[in-house]
Structures are given as C-alpha cells and as structure tokens.
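Architecture and fold: a report
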Amino acid sequence: MTIAIAIVGAGLGGLALARVLHVNGIDAVVYERESSRGARGQGGMLDLHSGTGQQALREAGLIRQFHAIARRAGQDLRLLEPDGTLLLQEDTPDDAPLERPEVDRGDLRDLLLDSLPEHAVRWGHALESADNGTLHFADGSSATYELLVGADGAQSRVRPLLTDARPAHTGQNVVELGIPDIDRTHPDLAAMVGRGNYWVLGNGQSLSAQRNGDGRVRIYLSFHHTAEDWFATSGIPFGDPAAARVRLIELFAGWHPRFTALIAACDDTVLPRPITTLPVGLTWPSRPDVTLLGDAAHLMPPVGQGANMALLDGALLGLALAAHPDDFPAAVKEYEREMFERTSAAGRQSARIQDILASPDASRKMLAFFQPA
Ligand SMILES: Cc1cc2nc3c(=O)[nH]c(=O)nc-3n(C[C@H](O)[C@H](O)[C@H](O)COP(=O)(O)OP(=O)(O)OC[C@H]3O[C@@H](n4cnc5c(N)ncnc54)[C@H](O)[C@@H]3O)c2cc1C
C-alpha cells in the first residue's frame, strides 16, 4: 500500500506535522524507531516561545492544553559567576504573560501523541534507507510513499537524499547529571537553584541547572574549546558514576563550593553529550517527494531554539500541504522557502549565543545580552 505522506521520526517536529495534517483531514503515517512511547526518557525542560513553538501549538489546536501543562515560574533566571557573585535574578510574577514558559519534554510529546489517532504512529520502525519511493526498515519490512518527510533528528537517515551536509562537532562537550526530588533530598540546594534556570558561566566552562516538573533538577556541565574525542581523554569514568562525580568536581576546582555541592548531590545518571551542529543557513535544491524538518534540517547548538523551530516547521509544513492537497511539490517548495529563511536567522542567533557562552568573561557578556544598555 502506498502511504501518501510518510513521516520518519515521532519527535516534536514529526508529531506537530502529523497533528496539523490530522486536523486538516489529511492522512499520514509516522514511523518511529523506538518500540513504544515510553521506551526512552524524553529528557528535560523546554521553553516554548510565544511566536514560534507556541504558534505551532496554536495551529495544531492544542494551545489551551499546552497552557495547562506549562510552568510560568520556569521562566525564572539566575545568572552567577564561578566565585558565587549573583549578576542577575529575574523572578516571574504570577500574572506575567506566558512568553517563554517551560514544559517537560515528555509531557509535550504526550500531548501531541494523545491528539493523534492510535494508528498514526508505527512504533518499532527504524528507517535504514529510502530510495525511489520506498522506505526500508531495520526489521526487513518496507513501505512506499508519495511524500517523505525526514523528522528523524540529528542523525537523519533521510537527509542524505537531499544534501551531503553532516553534523560537525562544535568544540563543546556537555555532561548531563541530575538531582532527584530535590525539595526533599536537598532543600538548601533547591532554594539556591530556584524555580527555573540557574546559570553559572565561567571561562570556557559553565554549569546550568534547571528545575523539572517532577522535582528533578537537571544539571548540564559544559566544557568549551574541547575536542571531539575529549570524553575519552577527560578522565571522567562514565561507567562509575561516583568516581565520575569526583572527577567532575576536580574539573570545577576553584569554583565556589556551593556549585560543586550541586555536582556531589547528583544521582548515578552521568551522560556524555557531545554537541554537534549543521552548517548555519543549510539549504538544498527542492525535490518534489522528500523534505526535512527540525534537527534533521537545521541542527543548532542547544540554546533554546531547536524544539521551537522543529514544532513550527511541522505545523507550517502541515498547513502548506493542507493548502495544496493535490500538489505536494508546490507545498514543499512553499514550506522550504519560509523554513530556510526563518531557521537560518535562528541558527545565526543561536551561534551568537553559543559564542558568548564559549568566550572568556561569558557571564558579563551574557548579562549585557539580557540587559542591553
Ligand atoms: C541537552 C539539550 C537541551 C536542549 N534544550 C532545548 C531547549 O531548552 N529548547 C529548545 O527549543 N531546544 C532544545 N534542545 C534542542 C531540541 O531538543 C531539538 O532541537 C528538538 O528535539 C528537535 O526535534 P525533532 O523533532 O527535529 O527531533 P528529535 O526530537 O530528535 O526527534 C527525532 C525522532 O526521530 C526518531 N528517529 C531517529 N532516527 C530514526 C530512524 N532511523 N527511524 C525512525 N525513527 C528515527 C527518534 O527516535 C526521535 O523520536 C536541546 C537539545 C539538547 C541536546
């Protein structure tokens, strides 16, 4: 059977597309490599911006449901220096507009999944390759399509149909850790981190902590100007979490003890996350039967734009297809024209923030970014 629209990847972008198509009465099938919706933890918090990520949810008819799971206080921000100096504290008033509320990524994905018919997502379908209108899956099955949408993230298997571009390492390596149930286990650290984002920016290194809806605080330790193989040479024993925490505390020698106390309080989740990106402004000659969205199209540094862009890509591609239900190539062209321009601008802005984070005196520069003269 030929599927008119095959979407590979049930991440936020692929699901936003499926939802907007569904609302407009257009059938699509999402092929996802994970075996079920709960197969893998979905990670931390996302802030959804009113003009992009939230706009996508508006188009998807889900903004009211989003407001019910969004956390206004998650917009709080504290910016500090490694010696403990507090540079900026922004506490969100109870009646503040929902400009950039935080949401648990898992809750948002569930919201999108629950808005689709059961059969819309085919779990356990890992795409191996696609050619001449046929998808080949790892389990040996195949499917044919009229239009293929690669929503399969950073390591997209669909991308090579359109471009030779590959993600490249940015010189940033991140270690993710976390403190479970922080209010009960470490109330002092809970008060220090606050309700939202807590950033400590040093020279080439940073620590960010973020409160999640379930009471976990996720901690990201960033090491800038480090090589692609840095995890292998850093002396962090990822297989031995207690020893890994000791090594990480060593790497933060000279920082105020309250920051290393955060590392010491973490549980045994210690995850290496090398940061890679696609070239800013990547485009490709439009093809009538294949396109990309989200990280597959424009992988950016993780500074708050990626999920927002993926959601809006999905919604806008869905609207373009609904406007041209008998002319997919025209819809793809219209979508790509807007997407290339919008995501290039977001990519440039993300690269600028990334440069600030990696620079000496990052904390002062970030303060100036938040409070321009
Ligand atoms: C540490 C970190 C923090 C971040 N924080 C933020 C933030 O605060 N705000 C923000 O806007 N962005 C953030 N981002 C970026 C954001 O996570 C991504 O940009 C966003 O998830 C992209 O969505 P997507 O749908 O394109 O891809 P993904 O969310 O990666 O989804 C891709 C889906 O495709 C599936 N898949 C992959 N390969 C195959 C295959 N071969 N066959 C079938 N299925 C496949 C995957 O299993 C997955 O379900 C962060 C990223 C990182 C790494």
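Rules used throughout
Residues numbered from 1 in each chain as written. Predicted model: local features only at pLDDT ≥ 70, side-chain atom pairs only at ≥ 80, totals over all residues. Heavy atoms only, no water. UniProt positions renumbered as here; feature names shortened; annotations may be inferred. Axes fitted to C-alpha atoms, helices over the stretch in contact; angles between N-to-C directions. Helix = DSSP H or I, 4+ residues; strand = E, 2+ residues; numbered from the N terminus. Parallel < 35°, antiparallel > 145°, perpendicular 65-115°, else oblique. Contact = heavy atoms within 4.5 Å. Nonpolar A, V, L, I, M, F, W, Y, C, P; charged D, E, K, R; others polar. Buried < 20%, exposed > 50% of the residue type's maximum accessible area, 1.4 Å probe, protein only. Pairing = 2+ DSSP bridges. Near = heavy atom within 4 Å. Polar contact = N/O pair within 3.5 Å; in protein donor to acceptor, adjacent residues only side chain to side chain.

You'll find the protein chain entered in an unreviewed UniProt entry as Flavin-dependent monooxygenase, with Streptomyces cyanogenus given as the organism. In UniProt, the protein chain has this text filed under Catalytic activity (unreviewed entry): "a tetracycline + NADPH + O2 + H(+) = an 11a-hydroxytetracycline + NADP(+) + H2O". The UniProt entry for the protein chain carries this comment under Subcellular location (unreviewed entry): "Cytoplasm".

A short note on the packing of helix H12 (residues 328-358) against helix H13 (residues 362-370)
At their nearest, the axes of H12 and H13 sit 8 Å apart, and the two run at 140° to each other. On the basis of the axis angle, H12 is oblique to H13. Of the residues in H13, those in contact with Gln349, Arg352, Ile353, Ile356 and Leu357 of H12 are Ala362, Lys365, Met366 and Phe369. A breakdown of the residues in the contact of H12 with H13 according to their chemical character gives six nonpolar, one polar and two charged.

So, unusual backbone geometry
One non-glycine residue with positive phi stands out, namely Asp181, at about 45°. Here Asp181 lies in the loop between strand E11 (168-179) and helix H5 (182-185). For Asp181, a relative accessible area of 34% gives the class partly exposed. Here the phi dihedral of Asp361 falls at roughly 65°; this positive angle occurs in a residue that is not glycine. Looking at where Asp361 falls in the secondary structure, it is placed in the loop between H12 and H13.

Section: the sheet that holds strand E12 (residues 197-201)
An order of E5-E4-E12-E13-E14-E11-E15 is seen for the seven strands of this open sheet, with the pairing classed as mixed. Across the chains shown, the open sheet's two edge strands, defined by having one partner strand only, are strand E5 (86-90) and strand E15 (271-277). The average undirected angle you get between the axes of adjacent strands in this sheet is 15°. With respect to the sheet, H13 is in contact with strand E4 (77-80), E5 and E12, its orientation differing from that of E4 by roughly 145°.

Focus on the site of the ligand
Close to the ligand lie 32 residues; Glu32, Arg105, Leu127, Asp295 and Ala307 are nearest. One nitrogen or oxygen atom from the main chain of Ala307 is found 2.9 Å from an oxygen atom belonging to the ligand. Elements represented by at least two residues in the shell around the ligand include exactly helix H1 (12-23), strand E3 (45-47), helix H4 (105-114) and helix H11 (306-323). Looking at the shell around the ligand element by element, the count peaks at four residues for H11. Looking at side-chain class alone, the shell around the ligand contains 13 nonpolar, ten polar and nine charged residues.

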